[in-house]
Amino acid sequence: MKISVIKIGGNVIDHPEKLEKFLTEFAKLEGAKILVHGGGKIASGLSKQMGITPKMVDGRRITDAQTLDIVTMTYAGLLNKKLVAKLQSLGCNALGLSGADAGVIHADKRPVKTVDYGFVGDPRDDGVNTSFLATAIKTGVVPVMCAITHDGEGQLLNTNADTIASTVAKAMSSVSDVDLVYCFEKKGVLSDPSDDDSVIELVNPENYTAYKDKKVITDGMIPKLDNAFEALEKGVSRVVIRSSNDLLEPSGTEILA
Ligand SMILES: Nc1ncnc2c1ncn2[C@@H]1O[C@H](COP(=O)(O)OP(=O)(O)O)[C@@H](O)[C@H]1O
Ligand SMILES: CC(=O)N[C@@H](CCC(=O)OP(=O)(O)O)C(=O)O
């Protein structure tokens, strides 16, 4: 069995036409599959509406108790259930899960070093309930996982969705062949961020370092690629970064360890 782990972020979820196209293609994707979603942009918008200014450090949200409530409502509630309902309407038997449901992702609260991230969780390497996910997939269910995890002692935690995707992909590679596809609003990793057609076909550790040094690869693309390399090192067969509009096309940037 091969499992495709597909991730979409908030920029796509917040764009109705892009989301519709992506979910229609995801529903058509053959074989075993898992959807992981973020929604950072939507949580930031709701946070501002509630009078709380979002704070991000190195691509991670500083998550105080009030922010944890907002992200839980947004990711595990509103967005997860909207995605599940839409997939159900497309004939895909989606099952929405936070990391607490069926103990599917156990994380540790990030220790305070120079930055106190608050209720942010780093998933444990052995923290994924792979047997539950494998059984669910065998019954034809499609897990739809959000960016909320738990510590096993009743505490919910906020975890970057790219990290959830690589954690689940790594863990499932112990029971199956796994492909990981990060879908976003651009056509791939670009050599000129202002030219959407300048897709780099292959990123390896050597050109990654050079592009980072030249400030061609910046911001959210750095943790995404770090997660991609880590996934390949820990058993994932293939990692691709492509447009959410081209899920079913051979396209985008392939990552090589
Ligand atoms: N070289 C690059 N090619 C493409 N995107 C890049 C590049 N460098 C930085 N980025 C930024 O990385 C972002 C994707 O990361 P992120 O914001 O975390 O997306 P998502 O929320 O979809 O996971 C893009 O929206 C883009 O602004
Ligand atoms: C700890 C942390 O930063 N969590 C992320 C989880 C959502 C996410 O990753 O959403 P995108 O994929 O849309 O960026 C956040 O709250 O923004």
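Here's what I pulled together on the structure shown here. (Residues numbered from 1 in each chain as written. Chains lettered and ligands numbered in written order. Predicted model: local features only at pLDDT ≥ 70, side-chain atom pairs only at ≥ 80, totals over all residues. Heavy atoms only, no water.)

### What about the packing of helix 7 (residues 205-213) against helix 8 (residues 221-233)?
Here is step 1: The contact between helix 7 and helix 8 brings their axes to 12 Å, and the two run at 165°. In terms of axis orientation, helix 7 runs roughly antiparallel to helix 8. As for how helix 7 packs across helix 8, the hand of that crossing is left-handed. For the pair formed by helix 7 and helix 8, the contact residues are Pro 205, Tyr 208 and Lys 212 on the first element and Ile 222, Leu 225, Asp 226 and Phe 229 on the second.
Here is step 2: Looking at the contact of helix 7 with helix 8 residue by residue, the classes come out as five nonpolar, no polar and two charged. (Axes fitted to C-alpha atoms, helices over the stretch in contact; angles between N-to-C directions. Helix = DSSP H or I, 4+ residues; strand = E, 2+ residues; numbered from the N terminus. Parallel < 35°, antiparallel > 145°, perpendicular 65-115°, else oblique. Left-handed = near helix turned anticlockwise from the far one by under 90°. Contact = heavy atoms within 4.5 Å. Nonpolar A, V, L, I, M, F, W, Y, C, P; charged D, E, K, R; others polar.)

### Details of the sheet that holds strand 13 (residues 238-243)
Here is step 1: Strand order in this open sheet of eight strands is 5-8-2-1-11-13-14-12, and the pairing throughout is mixed. If you trace the sheet from one side to the other, it starts and ends with strand 5 (94-97) and strand 12 (202-203), each paired once.
Here is step 2: Seen against the sheet, helix 4 (residues 65-89) touches strand 2 (32-37), strand 5 and strand 8 (142-145) and runs at an angle of roughly 175° to strand 5.
Here is step 3: Packed on one face of the sheet, helix 8 meets strand 1 (2-8), strand 11 (177-184), strand 12, strand 13 and strand 14 (253-255) and runs near 150° to strand 13. (Pairing = 2+ DSSP bridges.)

### Some remarks on the site of ligand 1
Here is step 1: In the neighbourhood of ligand 1, 15 residues make up the surrounding shell, with Lys 7, Glu 185, Leu 190, Val 216 and Lys 224 lying closest.
Here is step 2: Between ligand 1 and Lys 7, the relevant distance is 2.7 Å, taken from an oxygen atom to a side-chain nitrogen or oxygen of the residue.
Here is step 3: Thr 218 places a polar main-chain atom, nitrogen or oxygen, 3.2 Å from a nitrogen atom of ligand 1.
Here is step 4: Look at ligand 1: alone it shows 570 Å² of surface, and the protein chains cover 80% of it.
Here is step 5: Tallied by class, the residues present in the shell around ligand 1 amount to six nonpolar, four polar and five charged. (Near = heavy atom within 4 Å. Polar contact = N/O pair within 3.5 Å; in protein donor to acceptor, adjacent residues only side chain to side chain. Areas by Shrake-Rupley, 256 points an atom, 1.4 Å probe, with all protein chains shown as cover.)

### A look at the site of ligand 2
Here is step 1: Around ligand 2 sit 17 residues, and of these Lys 7, Gly 10, Arg 61, Tyr 75 and Ala 161 come closest.
Here is step 2: At 2.6 Å, a side-chain N or O of Lys 7 approaches an oxygen atom of ligand 2.
Here is step 3: Here an oxygen atom of ligand 2 and a backbone polar atom of Gly 10 are 2.6 Å apart.
Here is step 4: Compared with its free state, where it exposes 430 Å², ligand 2 has 89% of that area covered by protein.
Here is step 5: Broken down by class, the residue content of the shell around ligand 2 amounts to five nonpolar, nine polar and three charged.

### Section: the side chain of Arg 61
Here is step 1: In this fold, Arg 61 is placed in strand 4 (residues 60-61).
Here is step 2: An unpaired buried charge is present at Arg 61: no salt bridge exists, and Asp 64, the closest side chain of opposite charge, is 9.4 Å distant.
Here is step 3: A polar side-chain atom of Arg 61 sits 3.0 Å from the main-chain carbonyl oxygen of Gly 40.
Here is step 4: A polar atom in the side chain of Arg 61 sits 3.1 Å from the side chain of Ser 44.
Here is step 5: Sequence-distant contacts of Arg 61, that is, excluding residues within four places in its chain, are made with Gly 40, Ala 43, Ser 44, Pro 54, Lys 55, Met 56, Thr 67, Val 71, Tyr 75, Tyr 117, Val 120 and Asn 158. (Buried < 20%, exposed > 50% of the residue type's maximum accessible area, 1.4 Å probe, protein only. Lys, Arg positive; Asp, Glu negative; His and termini not counted. Salt bridge = Lys/Arg side-chain N within 4 Å of Asp/Glu carboxyl O.)

### So, the side chain of Ser 244
Here is step 1: The residue Ser 244 is located in the loop between strand 13 and strand 14 in this model.
Here is step 2: Looking at Ser 244, the relative accessible area reads 0%, which means it is buried.
Here is step 3: Residues within four places of Ser 244 in sequence aside, it is in contact with Val 12, Lys 18, Phe 22, Cys 183 and Phe 184.

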